[in-house]
Structures are given as C-alpha cells and as structure tokens.
Amino acid sequence: MNSCTYIRVTKSDNTLTSLSLRLCLAQVLLVFAKEDSQSDAFWWACERAGFRCNIARTPESAVECFLDKHHEIVIIDGRHSRYFEADAVCRMIRVTKPSEHTVILAVMPQTPSDQEEPSVLPLLSAGFSRRYLENSSVSACYNELIQLEHGEVRAQFKLRACNSVFTALEQCQEAVEISSEDHVIQYVNPAFEKMMGYHRGELIGKELTELPKSDKNSADLLDTINTCIKKGKEWQGIYFSRRKSGDSIQQYVRITPVIGQGGKIRHFVSIKRPYTDNHRQVLFFFFFASKLYVQSQLAVPVPLNDIPSSIAELLNEEECWEFNILELEAATHKRPLSYLGLKIFSAFGVCEFLNCTEATMRSWLQVIEANYHASNSYHNSTHAADVLHATAYFLRKDRVKGSLDQLDEVAALLAATVHDVDHPGRTNSFLCNAGSELAILYNDTAVLESHHAALAFQLTVRDSKCNIFKNMERNQFRTLRQAIIDMVLATEMTRHFEHVNKFVNSINKPMSSEGSDCEGQASIRNSPENRLLIKRMLIKCADVANPCRPLELCIEWAGRISEEYFAQVKTFSHNCTHMLAMSFKFLLSFNVNKMLCFQMKYSVSKV
C-alpha cells in the first residue's frame, strides 16, 4: 500500500455567518508503524468518506508529511510502544505551527473488563485532542471520522478563518473595543490605542468602570446606554471619552451586544471614531464564538441644533411638495423618520403641546423607527417619513388649518409617524388567509392597522424615557389617543369608499345649501363629525400620495411596492388561484391610488 496515495476530493459549503468559506473535505494522516486491520480500517473509512489519506511509518516521516500537507486530522497508533512513543510523536507534531488547528487522535487498546479505565489526562497533556479505542470495524472508523469532520474539524476551520478577521481588526481605521458580558475589556485594536493614548496591556482585563470618564456627557447618558444594551439592543450616538492624557474627545460610538446560545449576551463590541458632521456608513467586524459578523447599521438622530449640515440642508426643503425623501433616506443611512420627525414636530410645536422634552421626543422617534422593518422594500420607515411629510404639507394649507385645532394637528402627525409600525410586508388578506397570530388576535378585521395602533402605544408607555404622553392631562390624552387610533384605522382599505363618500358629501352639503352664508358653512365644516372625516381623508391621501410626487420619486415608489408585492406572491406560488386573485387586487389598488390622488387635489382645493 502506497504511503502517499491520493483519494478523491470534493468540496462542501461552509458559511461563517456573513463570511463565505469553502472547506475541502479533511486530509488525514495515519501514523502506524505496521500495517494491520486497524490501519486498514481507517484507510478504507477515509476512502468511503472521500478524504485524502497519507500513511507514515516513522515519527520523522510523519512530521515531514504533516509539514508538507497540513492535515486536518492526524491518527497516531498508541497501542505498540516498541515501535515509537505515541506521546512523543504527538508532541513533535504539536510544536509545528501548522498543527495549531489540527485534530490529533490517539488509537488506544481496549481495556480489559477486569481493569479500571485509564485516565485520558496524560493524552490530553501530550497534545492529543481525543482517544479512539481500538476497533477494526470500517463502519466504526468511518463514524469516528465523520464525527470529527462535522465537529472539531469544522470548529477549528472556523477558528483558523477568524485569523483573517483579527487581521482586519488590526488594520481597521475605526477604534474597536471588545468587552465581556461583565464589561471587562478583552480586546482593543491599534486604532483604539492611538485614539485613546493607552497601550493594550494597560486595558486588557480591566473593567470599563475603572477607566476615567469625561464630565462632558449628560448625567443620564450612561444609564441610557446600559439600559439599551442590557436589553440586547444596539446603542449608537455621540459620546465623550477621556484619553489617557486627560483631555476629552467627542466620538461617534456604536455599541453592539453579541448574543450567544440561549439568547444570553456574551460580549459587547464598541466601534468608535472621532465625531464629524459627515457620518459615513461603514462595515464593522466583530467576533464571537468562532463566528464573523458583518453589520451595516443606521445612524441615530442627534439634537435638532446638532444635525449634520448635509442633513440640515435637505431638511430646509421639507415644506416643499417636491421634497426628496429618498435623498434624506440616503443621507441618514435609512433613518429618515427620526430626523424629519424632529424637524416637523418642532415646526408644529408638538413637544410644547405634549409637555415633553426634545430628548424624550428623540427617544420616542428612535423607538418607533427601530420597529419599522428595514427589510421591507416599501413599508419601512422611509414610507412613514414620506407620509409624515405629506401630512405636514396638508396641515399647512390655510383651508385645513381653519378646520382643525392643535390637538388635531398633533394627532395627525403622530398617526402618520406610527401608521405602519412593525408592518410585516404582507397584506391583511395574506395574514387572514395564512391564519397568522395577528389575524386571529384581531378577528380578521383591520388586522395590521389595529396592530400598528396598539403597538405604537405599547412602545410609548413601556419606557418613561420615550413616553411622550407622560405629562399630559388624562382627559386630553384620551382624546388625543382616540384621534390617533381613528386615523390609523382609517388607512385600512376595506372601508375606503365609505370614508370617501362621507367626506365628499360633507364637503358638498354646505355648498349646496341655499341661502347659507360663509360663517354657517364654516360652522358646518368645523363640526366634530366633519373634522373627523377631514383627518381621516388627510392621512389616507398622505398614505398613497407618492404617485403625485415628482416623476422620479413616483417611479421609485412604484418599483418598491411592486417588489414587496411580488415577494408576498412568491410565498403563495403553490396556490395559483389565490395568486391570481391577489394579482387582480394589486392591479385594482393602482386604480384606487389614482382615485385617491384625484380626491387629494379635490380636497385641498375645496376644504
């Protein structure tokens, strides 16, 4: 039997999270002084598994062959010490650099039933990974090899691949700090050392609380950060850190909890860079449990006075109908709702009406936007921001302002902000037909709209830091809450024509009344019933206003909603009848959009 016979090789995919790896089937080195049934069994087991296999007869040839091939598995015969010492062969291989991620197996004789089982500690101390009790069955050897390949070999392969991750971290220009679940620093890269003035030896093993803190941060900022990350959520924002020299540096910081098995937080990864007005989207690498994670996340809003100039310039145009929400989406890294919300709410005095601080409003906007699904091509936070913009645009029209009071305006703006929160990218019909939990909860009636409204208030009152209603008088809050719920529910399309007909009748009725003066018409138009209809039509028009935007925006929105629609249809591709019915409904929705756009123009001119 040739000592270096080549066996066929195939490849299998192995993915380390976002890092795609190609793992060749294992190479095996058999170190047996003499050919016997055990060595033959491992040989044929390798052939059955499709592994490359080499055989070495002496310790010297074993080391030479290993240095040449870099085997993933080495099997050393430890049954016959008269030929060579298995421990010595293992140590000879272990001192070589390629053996760092090699699995070494010791073949040991069976222990007689009347003797005590020997300890494996001497084998482990010598460098062996595990023990195999003598068994010349090809199937037993095959099973052992397959278990090794699927377990320890692949784990070692991932660890070996992670060297490239740490090489990237060492070369990364952003400062990276990795700490344990107890906030003990475990790693900092050279960029962190350079930025903060510390040597990594001064930091590794220290708790974060031991490092000096800057006094330029607000008193409750650390509590806010800890509350967020302890829930397993990412925190990002502006933070002042203190260098070793004692001076403070303003940084843009992102802290990401790394969740391990069982949902427990195992590490925290902090990426820091000096704060500048131009925030760029960057890729962050972090490591946990032999896995590479690549994250591309979104920036958080800063106080209105500190908004980066590039974003502030875009927001200066927000009162125009031609305002390009997609440019704001790009500038804010897909977080337009928080920035646009701050600007519009400030213009309408929403914080003053609710008696809440801007910080509370920022926190609320962050929470709401975080619960929109960025993976949806259409029903995401950019759509919510677009509807909010259209709502504010309508509210600024003189005829509308003459019909609504400030509570109505605030309700309309808040309803527009939350009207599609946690939208799954599926329609009510889809959820009802699929028997989803939401459909069952809301009895197949206005399923999504009921969920949006309910979740919005749940998220708001859950944490006092984002509870924008906590300082309101009880009766006023109940009135505002009812108005928000009514407007969100009005976006449900099954009652569309009912709302439209009532609105048209309410507008035409005073105009057709003979002898009615302007004051009487205004009184009828401003009645509670008509104000309710105006608010419903206002958010309905804003919700489907994108066909009336400039052509390039209209085309982009059409593409997005089509993409989301066909993603839904794909899941029902096995049911042709249902898919055709949904296709017809989709085509019908375009006609509804056209009619609503006509109605929107009619409403603004008549109200």
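Everything numeric here is computed off the predicted structure, so don't read it as measured data.

### What to know about the overall build of the protein
Helix and strand counts for the protein stand at 25 helices and 14 strands. When each of the 607 residues of the protein is scored for burial, the buried share is 48%. Carbon and sulfur atoms make up 52% of the accessible area of the protein, which amounts to about 29200 Å² in all.

### Some details on the packing of helix H14 (residues 381-395) against helix H23 (residues 528-543)
Taken N-terminus to C-terminus, the directions of H14 and H23 make an angle of 135°; their axes are 8 Å apart at the nearest point. Relative to H23, H14 is oriented oblique. When you trace H14 past H23, the crossing you get is right-handed. Every residue of H23 that contacts H14 at His383, Val387, Ala390, Thr391, Phe394 and Leu395 is listed here: Leu538, Cys541, Ala542 and Asp543.

### Description of helix H3 (residues 86-94)
Listing the buried residues of H3 in full gives Ala86, Val89, Cys90 and Ile93. Down the axis of H3, the sector holding all buried residues measures 100°, keeping them to one side. In this structure, the buried side of H3 is in contact with strand E3 (27-31), helix H2 (59-69), strand E5 (73-77), strand E6 (103-108) and helix H4 (121-126).

### So, a nonpolar patch on the surface
Residues Val120, Leu121 and Leu124 make up a contiguous nonpolar surface patch of about 250 Å² in total accessible area. Of note, leucine 121 is situated in helix H4. According to the relative accessible area criterion, leucine 121 is exposed, its value standing at 55%.

### Considerations on the UniProt feature "binding site: Zn(2+) 1" (unreviewed entry) in the protein
The positions UniProt marks with the feature "binding site: Zn(2+) 1" (unreviewed entry) are His383, His419, Asp420 and Asp543. These annotated residues cover 161 residues of sequence, but their C-alpha atoms sit close together, with the largest distance between any two at 10.0 Å. Relative to the helices and strands, histidine 383 is located in helix H14. A relative accessible area of 0% places histidine 383 in the buried class. Not counting residues up to four positions away in its chain, the partners in contact with histidine 383 are Tyr378, His419, Asp420, Asp543 and Trp557. On the secondary structure map, histidine 419 appears in the loop between helix H16 (406-418) and helix H17 (428-434). Ignoring sequence-local partners within four residues, the contact set of histidine 419 consists of Tyr372, His383, Ala384, Val387, His452, Val488, Ile539 and Asp543. Engagement of the side chain of histidine 419 in a polar contact is seen with the side chain of histidine 383, the distance being 3.2 Å.

### Focus: the pattern of salt bridges
Counted according to the given criterion, the structure contains 26 salt bridges. For the salt bridge of lysine 69 with aspartate 68, the shortest nitrogen-to-oxygen distance reads 3.8 Å. Measuring nitrogen to oxygen at the nearest pair gives 2.8 Å for the salt bridge that ties arginine 79 to aspartate 77. Residue aspartate 77 is classed as buried on the basis of its relative accessible area, which comes to 5%. A single salt-bridge network, built from bridges that share partners, covers Asp36, Asp77, Arg79 and Glu134.

### What about the sheet that holds strand E7 (residues 130-133)?
Read across the sheet, five strands follow the order E4-E3-E5-E6-E7 without closing on themselves; strand pairing throughout is parallel. Since the sheet does not close on itself, it has two edges, and those belong to strand E4 (52-56) and E7, each with one partner. Strand-to-strand twist of the sheet, defined as the mean angle between neighbouring strand axes without regard to direction, takes the value 20°. Strands in contact with H2 are E3, E4 and E5; relative to E3, the strand with the most contacts, it is inclined by about 175°.

### A closer look at the side chain of histidine 379
Looking at the secondary structure, you find histidine 379 in the loop between helix H13 (358-370) and H14. Taking the relative accessible area as the measure of exposure, histidine 379 reaches 16% and is therefore buried.

### A look at the pairing of E7
Examined bridge by bridge, E6 and E7 share four bridges and lie parallel to one another. Residue pairing across strands places leucine 105 opposite arginine 130, the latter belonging to E7. Where the polypeptide runs from E6 across H4 and back to E7, its parallel neighbour, the crossover connection is right-handed.

### Observations regarding the pairing of E3
Among the five residues of E3, five are classified as buried, and the element is accordingly described as predominantly covered. Pairing analysis gives five bridges linking E3 to E4, with the strands arranged parallel. Across the sheet, residue leucine 30 finds its bridge partner in E4, namely isoleucine 55. Each parallel crossover has a hand, and the one from E3 via helix H1 (residues 37-49) to E4 is right-handed.

### Some words on unusual backbone geometry
In most cases, non-glycine residues show a negative phi, while peptide bonds are predominantly trans. Residue aspartate 422 is not a glycine yet carries a positive backbone phi of 65°. Of note in the backbone geometry, aspartate 444 takes a positive phi value of approximately 60° without being a glycine. Position of aspartate 444 among the secondary structure elements: in the loop between helix H18 (437-441) and helix H19 (447-462).

### Examining the environment of asparagine 355
Mapped onto the fold, asparagine 355 is located in the loop between helix H12 (350-354) and H13. The exposure class of asparagine 355 is partly exposed, given its relative accessible area of 48%. Taking the C-alpha atoms as reference points, asparagine 355 and lysine 470, separated by 115 residues in sequence, lie 8.6 Å from one another.

### Side note on helix H20 (residues 474-489)
Helical periodicity: at 3.6 residues per turn, an α-helix aligns residues three or four positions apart in one direction. Taking 1.5 Å of rise per residue, the 16 residues of H20 would be expected to cover 22 Å, and the 22 Å separating its terminal C-alpha atoms lies within 8% of that figure. Within the sequence span of H20, burial applies to Leu480, Ala483, Ile484, Ile485, Asp486, Met487 and Val488. Elements that come into contact with the buried residues of H20 comprise H12, H16, H19 and H23. Looking at where H20 begins, the residue whose side-chain oxygen comes 3.1 Å from the main-chain nitrogen of asparagine 475 is glutamate 473.

### Quick look at the sheet that holds strand E9 (residues 185-188)
Sheets are built from strands that pair by backbone hydrogen bonding, the pairs being arranged parallel or antiparallel. Judged by pairing direction, the sheet is antiparallel, and its five strands sit side by side in the order E9-E8-E12-E11-E10 without closing on themselves. Looking at strand neighbours, the two that pair on one side only are E9 and strand E10 (235-242), the edges of this open sheet. When the angles between neighbouring strand axes are averaged without regard to direction, this sheet yields 30°. In this sheet, strand E11 (residues 248-259) lies alongside E10 in antiparallel orientation, the contact comprising eight bridges. What sits directly across from glutamine 236, in E11, is arginine 254. In the packing of helix H8 (residues 221-230) onto the sheet, contacts are made with E10, E11 and strand E12 (265-274), and the angle to E10 comes to roughly 135°.

Calculation criteria
Residues numbered from 1 in each chain as written. Predicted model: local features only at pLDDT ≥ 70, side-chain atom pairs only at ≥ 80, totals over all residues. Heavy atoms only, no water. Helix = DSSP H or I, 4+ residues; strand = E, 2+ residues; numbered from the N terminus. Buried < 20%, exposed > 50% of the residue type's maximum accessible area, 1.4 Å probe, protein only. Areas by Shrake-Rupley, 256 points an atom, 1.4 Å probe, with all protein chains shown as cover. Axes fitted to C-alpha atoms, helices over the stretch in contact; angles between N-to-C directions. Parallel < 35°, antiparallel > 145°, perpendicular 65-115°, else oblique. Left-handed = near helix turned anticlockwise from the far one by under 90°. Contact = heavy atoms within 4.5 Å. Arc of directions from axis to C-beta. Patch = residues over 30% accessible without salt bridge, like charges linked within 9 Å, V, L, I, M, F, W, Y side chains within 5 Å. Salt bridge = Lys/Arg side-chain N within 4 Å of Asp/Glu carboxyl O. UniProt positions renumbered as here; feature names shortened; annotations may be inferred. Polar contact = N/O pair within 3.5 Å; in protein donor to acceptor, adjacent residues only side chain to side chain. Pairing = 2+ DSSP bridges. Right-handed = clockwise from strand over helix to strand, strands pointing away. Expected span 1.5 Å × (residues − 1).

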